[in-house]
Amino acid sequence: MAGKRRKLGNPLALAVLVTLWQKPMHPYEIAQTLRRQGKDSSTKINYGSLYTVVQNLERHGFVEVTDVERQGNRPERTVYGLTEAGREEMTEWLSDLMAVPAKEYPIFASALSLVGALHPDEVVRLLEERLAALEYQAAAARGGLEKLYETLPRLLLVETEYQVHMILAQAEWVRGFLEEIRKGSLPGVEAWRHFHETGEPPAELT
């Protein structure tokens, strides 16, 4: 099963569609709702870019103007609602993302693919820093999650739970990799070390 190529690929566009699925809103209210529901932990929310996303959704026929609010001397606020095409796009897009694992390119994996350019002792030091940062992030995320549980149903927080588990999984892997380098049990680690200390590239690393 392959994901369909979308007219809009920005995750914020999908978040806007799902927010408008709840009820029609003006862009500022969309941003406030996303933040109140904790979606800014998984989606980058900027009011300027959100307004552009709403305009793009309107251009593609996924949202439409349903009202223009006027309150005293305040500027008019355009209220947008989901169209039937927008509802279909939201359902198909979200279904694809849930069912089809996407090929992603996390920057840490890119760094690991090039790690041989650093001395193993330096890698140990750097990964110790990363592990401490990950453990701090996990603790902070858990604390934030506990606070959010007080005001929001768990269904609205599953992405934050997932993020915590991913941080913990990465920390566990880094901890094990560190131990292998320290003990010298990582295959090729001595050749790696020899290369950095003598400048002679070993055959297994070329």
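Residues numbered from 1 in each chain as written. Predicted model: local features only at pLDDT ≥ 70, side-chain atom pairs only at ≥ 80, totals over all residues. Heavy atoms only, no water.

1. Concerning the overall build of the chain
Secondary structure summary: the chain contains eight helices and two strands in total. Counting helices and strands in the order they occur from the N terminus, the chain gives α-α-α-β-β-α-α-α-α-α. Over its C-alpha trace the chain gives a radius of gyration of 23 Å, far above what one expects of a compact globule, namely 17 Å for 206 residues. The dimensions of the chain, computed from C-alpha atoms along their principal axes, are 75 × 40 × 35 Å. Taken across its 206 residues, the chain has 33% of its residues classed as buried. Across the chain, every contact between residues at least 6 apart in sequence was considered, and the portion connecting residues at least 24 apart equals 61%. Summing over all exposed atoms, the chain offers an accessible surface of approximately 13300 Å²; the carbon and sulfur share of this is 55%. Counting 24 positive and 29 negative side-chain charges, the chain places the centres of these two groups 6 Å from one another. (Helix = DSSP H or I, 4+ residues; strand = E, 2+ residues; numbered from the N terminus. Rg over C-alpha atoms; globule rule 2.2 N^0.38 Å. Buried < 20%, exposed > 50% of the residue type's maximum accessible area, 1.4 Å probe, protein only. Contact = heavy atoms within 4.5 Å. Areas by Shrake-Rupley, 256 points an atom, 1.4 Å probe, with all protein chains shown as cover. Lys, Arg positive; Asp, Glu negative; His and termini not counted. Charge placed at Lys NZ, Arg CZ, Asp CG, Glu CD.)

2. Quick notes on the nonpolar core
Membership of the largest hydrophobic core comes to 23 residues, with the highest contact counts inside it found for L12, V16, L17, L20, I30, L50 and L57. Within the residue set of this core, elements represented by two or more residues are α1 (11-22), α2 (27-36), α3 (47-59), β2 (77-82) and α4 (84-99). The biggest single contributor to this core is α1, with seven residues. Other than its neighbours up to four places away in sequence, L50 contacts L12, V16, P27, I30, A31, L34 and I45. (Core = buried A, V, L, I, M, F, W, Y, C linked by side-chain atoms within 4.5 Å.)

3. Observations concerning the pattern of salt bridges
Under the criterion given, the structure shown has 11 salt bridges. The partner of K23 in a salt bridge is E29, with the nearest N and O atoms 3.0 Å apart. A residue is classified by how much of its surface remains accessible, and K23, at 42% relative accessible area, is partly exposed. By relative accessible area, which is 22% here, E29 ends up partly exposed. Of the charged contacts, one joins R193 and D121 as a salt bridge, the two residues approaching to 2.7 Å between their closest N and O atoms. Highlighted residues: R193 in helix α8 (residues 189-198) and D121 in helix α6 (residues 120-149), separated in sequence by 72 residues. (Salt bridge = Lys/Arg side-chain N within 4 Å of Asp/Glu carboxyl O.)

4. As for the packing of aromatic side chains
Working definition: an aromatic ring pair is given by the centre-to-centre distance plus the angle between the planes. Using the criterion set out here, one finds one aromatic pair in the structure. Each ring, one from W173 and one from F177, has its centre 4.9 Å from the other, and the planes form 20°; the classification is stacked. Pair noted here: W173 and F177 are both in helix α7 (residues 158-183), with a separation of four residues, about one helical turn. Judged by its relative accessible area of 41%, W173 is partly exposed. (Phe/Tyr/Trp six-rings, centres within 6.5 Å; stacked < 30°, edge-to-face > 60°.)

5. Here we look at α7
Here α7 contains 26 residues, and its C-alpha end-to-end distance of 38 Å stays within 8% of the 38 Å for a straight helix at 1.5 Å per residue. Buried residues of α7: E159, T160, E161, V164, I167, A171, V174, F177, L178 and I181, and no others. Residues of α7 that are buried in the fold lie against α5 (107-113), α6 and α8. Following α7 by one or two positions, G184 adopts a phi angle in the positive range, close to 80°. (Expected span 1.5 Å × (residues − 1).)

6. So, a nonpolar patch on the surface
Where nonpolar side chains cluster on the molecular surface, the patch consists of Y28, Y47 and Y51 and spans about 290 Å² of accessible area. Relative to the helices and strands, Y51 resides in helix α3. (Patch = residues over 30% accessible without salt bridge, like charges linked within 9 Å, V, L, I, M, F, W, Y side chains within 5 Å.)

7. A word on the packing of α2 against α3
Viewed as axis vectors pointing N to C, α2 and α3 meet at an angle of 120°, and their least axial separation amounts to 10 Å. Here α2 lies oblique to α3, going by the angle between them. Viewed along their axes, α2 and α3 form a crossing whose handedness is right-handed. Counted together, P27, Y28, I30, A31 and L34 of α2 and Y47, L50, Y51 and V54 of α3 form the full contact between these two elements. (Axes fitted to C-alpha atoms, helices over the stretch in contact; angles between N-to-C directions. Parallel < 35°, antiparallel > 145°, perpendicular 65-115°, else oblique. Left-handed = near helix turned anticlockwise from the far one by under 90°.)

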